[in-house]
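Tertiary structure, described
Okay, here's what each chain looks like letter by letter:
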Amino acid sequence: MSNFSLSSKSAQDIAIMTPRGYINDIGAERLESTSEQFLGDGLKKLVVNFSDVQYINTIGLSIFLSMVQKTMEYKSLLCFTNMKKDHREIFEMAGLIKHVKVFKDEKDAFAYLNGRN
Amino acid sequence: MLFSSLKDSDFFDRQQELTGLFKRVLQADVAQARSAVLSGQRGIGKTELLRQLFGRLFWEQDRVAPFLYTVNPALLSVIAFSRNFLFQFLCQRLAFPEKEQALLSRDGISIEGLFALAEERKAVWAKDLLGHFAQCACDPVAALRIALAAPHRSAMATGMPVAVLIDDFHRIKGLHDDGAPDPRLAFLFEDQMAHGKTPHIVTGNMAELQELPVVNKLERIPVLPLGPEGTSSMIRSLLNSYEAEGSVPPLLLRHLGGNPFYLECVVTRACAKNNPDDGAFWKAYIRELMDGPLALSWLSVLKIYFPDLVLRRTALEITHRIFHASEALSCRRIAETFALTVQEAHDIAQALYLAGLIRAEFGVLRAVEDRVLREIIDALYLRELLAKTAHESEEHFLSTVVPQKGRLIRFDMTLPMTREAELIAAQGLEQIGKNLDLDRDAVGQLQIAVIEACINAIEHSRGMGDSVYVSVSVDDDHMEVSVESAGKEYIVQETGEPVRDQENAKTTGRGWGIKLMKRFVDEVRFEKTIIGTKIILIKKIERSADIHKEDTANRE
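All of the points below concern the structure found in this document. What you see is a predicted model; the values in this text were computed from it and never measured.

1. Points about helix α2 (residues 46-60) of chain B
- Taking 1.5 Å per residue, 15 residues should reach 21 Å; α2 of chain B reaches 21 Å between its end C-alpha atoms and fits that length.
- Listed as buried for α2 of chain B are Lys46, Leu49, Leu50, Arg51, Gln52, Leu53, Phe54, Leu57 and Phe58 of chain B.

What follows is the structure, given as structure tokens:
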């Protein structure tokens, strides 16, 4: 049994993904494919809520990189919320944080995204 | 012994010095080479450096003939020294063109034998030297002049310069013609050392060498303690040779100060136990202080400089006092303390200085900066002056030398090479943190690093082992996790970090693992072990209780 699960939903033009547990290759690939699905469906605003993420390893991190690239190709907005300090540091180390918007929680992310077309 | 018994690969951290010396003496072929003295503390590897230099000059080039000579304390009468010096030089010089190793060890060769050899090699210059030497049988000083000038004479006659390498050169001051040492005889080296075609590289006991005027004119080349990489390579090699694994505690390493002799004594002794842990290394060190080759080497120095038993006892007492004094002592103060005349105190201090046991260049007596020596003096003092038993001495050192830490708690885990096995280590760590009330943030960061270390271990031992061994140690202020696995060697010697295999290197983002480990812990080390490779992660920690206390204090 995997230590990862993912729930996702969309409200208006915003897609919200909430990963849980351990983001390794499997977890990151599921996140990637789910986000691609949303992008394919025409949603251009993605939110990843990290509140239930326990660990992220560098294999998962490398897949996040391609997820960020895909989002940029679709000219979409990618937001991260509820990040722990250590997780944020991991993304900073990989240079990914500059390509996403980071918010304290979903509410702040929504406020930002709702103000954008 | 002219050649080193060490393999090139086991001659650690000295390649730069060796190459520098090699190039320096080869200058004699194209220009003028200058003589020099190798300086450094006892056991630092000066003799080994000379032997390595001799080997390299003998085997790897044919432009400058090497001559390695060790001054023998049993051959210090002028006539015995001259004969020995000249005969050894001729054997080594005649052996050099054809690299005849057998000729290098012809110790007992007679003058007739050497004549015959020179005749056979058509070395007219050598026959001339022997002829002149034979004529000086009644004039030892003239014979000494001929012997010392032999390298230069051969260089002039053959056009091939000679590198004269002399070990234990300080003993030269004991040269004597009529039984009493005549320091003036050492001056006869001065002219020979000045010739550009016969550069001399000498070494020996530094304190005594510094007192020889002929040496003071030479350029000093320091032989420094091994650096961290050299030290670590040497330890690894010693452990490998005993098929043992382990790592010397960092504090003990600092104690040993990069001195190859000290390191060898301690690691060799610790290897009596298969896989020595920290405690075994400290015990080995303490045993070495008490009765090992390390202690015996310094005891023999004390015996040489203080052959009289009563005087040796006084010398030991004085040395102990100097090492434990909070300030430099004068001979007058020593005389008052030990009920000696000032002259007696001065003589003892002079001998202690020449033995390398204390510093006393300008009449003020201080301890040398050598922690090991200080502890050897303590061990001798306990045994010889306080009549402590071996057990009592060991107890003393265990309480004074070994760091007194709180409990060291250790957990070991064996992980199967299954998917997400790294989480077992990470979650185990979390539980350990909770049980020991450790700072959660620090443990969290260590967990991130441990996950990466485990993934690394699993990736690199794929198909070569079926387990990853994780060991967690916690003491008062550190948490250390080692992750060991089988597998091909994947450490880059220069950087001490794993090589990235090509497949992984192609994947974007791989290689972040080490960067991430370094970001989240205070120290990351990689060690080669018998089964494969070990990654060691060290994180400073605080007890949660301490943090709470601090928080409360801040709030107040």
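2. Describing unusual backbone geometry
- Despite not being glycine, Asn82 of chain A shows a phi value in the positive range, around 55°.
- Topologically, Asn82 of chain A is positioned in the loop between β5 (77-81) and α3 (85-93).
- Judged by the 20 C-beta atoms lying within 10 Å of it, Asn82 of chain A is buried.
- Unlike most non-glycine residues, Glu243 of chain B shows phi in positive territory, near 50°.
- Along the polypeptide, Glu243 of chain B turns up in the loop between α11 (228-241) and α12 (250-256).

3. Looking at the sheet that holds strand β6 (residues 329-330) of chain B
All names here are of chain B.
- Pairing is antiparallel across the open sheet formed by 3 strands, whose spatial order is β6-β8-β7. Here the strands that pair on one side only, and so sit at the sheet edges, are β6 and β7 (358-359).
- Pairing of β6 with strand β8 (residues 364-367), which is carried by 2 bridges, proceeds in the antiparallel orientation. Paired with Leu329 across the bridge in β8 is Leu365.
- Lying over the sheet, helix α16 (residues 309-324) contacts β6, β7 and β8, oriented at roughly 80° with respect to β8.

4. Quick word on the packing of helix α14 (residues 278-291) of chain B against helix α20 (residues 390-400) of chain B
Residues and elements named next belong to chain B.
- Following both chains from N to C, one finds α14 and α20 inclined at 130°, their axes separated by 10 Å at the closest point. By the angle between their directions, the pair α14 and α20 is classed as oblique. Remark: the crossing between α14 and α20 carries right-handed chirality. Counting all contacts with α14, which are made through Ile286, Leu289 and Met290, the residues of α20 involved are Ala390, Ser393, Glu394, Phe397 and Leu398.
- Per-class residue counts for the contact of α14 with α20 are 6 nonpolar, 1 polar and 1 charged.

5. Things to note about the environment of Ile424 of chain B
Residue and element names in this part refer to chain B.
- Positionally, Ile424 belongs in helix α21 (residues 422-435).
- In sequence terms Ile424 and Thr414 are 10 residues apart; their C-alpha atoms lie 9.9 Å from each other.
- If near-sequence neighbours (up to four positions away) are discounted, Ile424 is found in contact with Met413 and Leu415.

6. Points about the sheet that holds strand β3 (residues 162-167) of chain B
Residues and elements named next belong to chain B.
- Pairing in this open sheet of 5 strands is parallel, and the strands run β2-β3-β4-β1-β5 from one edge to the other. Across the chains shown, the open sheet's two edge strands, defined by having one partner strand only, are β2 (65-70) and β5 (219-222). Pairs of neighbouring strands in the sheet enclose a mean axial angle of 20°, with direction left out of account.
- For strand β1 (residues 36-39) and β5, the ladder comprises 4 bridges, and the chain directions are parallel. The residue bridging Leu38 from the neighbouring strand is Ile221, located in β5.

Conventions we followed
- Residues numbered from 1 in each chain as written.
- Chains lettered and ligands numbered in written order.
- Predicted model: local features only at pLDDT ≥ 70, side-chain atom pairs only at ≥ 80, totals over all residues.
- Helix = DSSP H or I, 4+ residues; strand = E, 2+ residues; numbered from the N terminus.
- Expected span 1.5 Å × (residues − 1).
- Buried ≥ 20, exposed ≤ 12 C-beta atoms within 10 Å, placed from the backbone.
- Pairing = 2+ DSSP bridges.
- Contact = placed C-beta atoms within 7 Å.
- Axes fitted to C-alpha atoms, helices over the stretch in contact; angles between N-to-C directions.
- Parallel < 35°, antiparallel > 145°, perpendicular 65-115°, else oblique.
- Left-handed = near helix turned anticlockwise from the far one by under 90°.
- Nonpolar A, V, L, I, M, F, W, Y, C, P; charged D, E, K, R; others polar.

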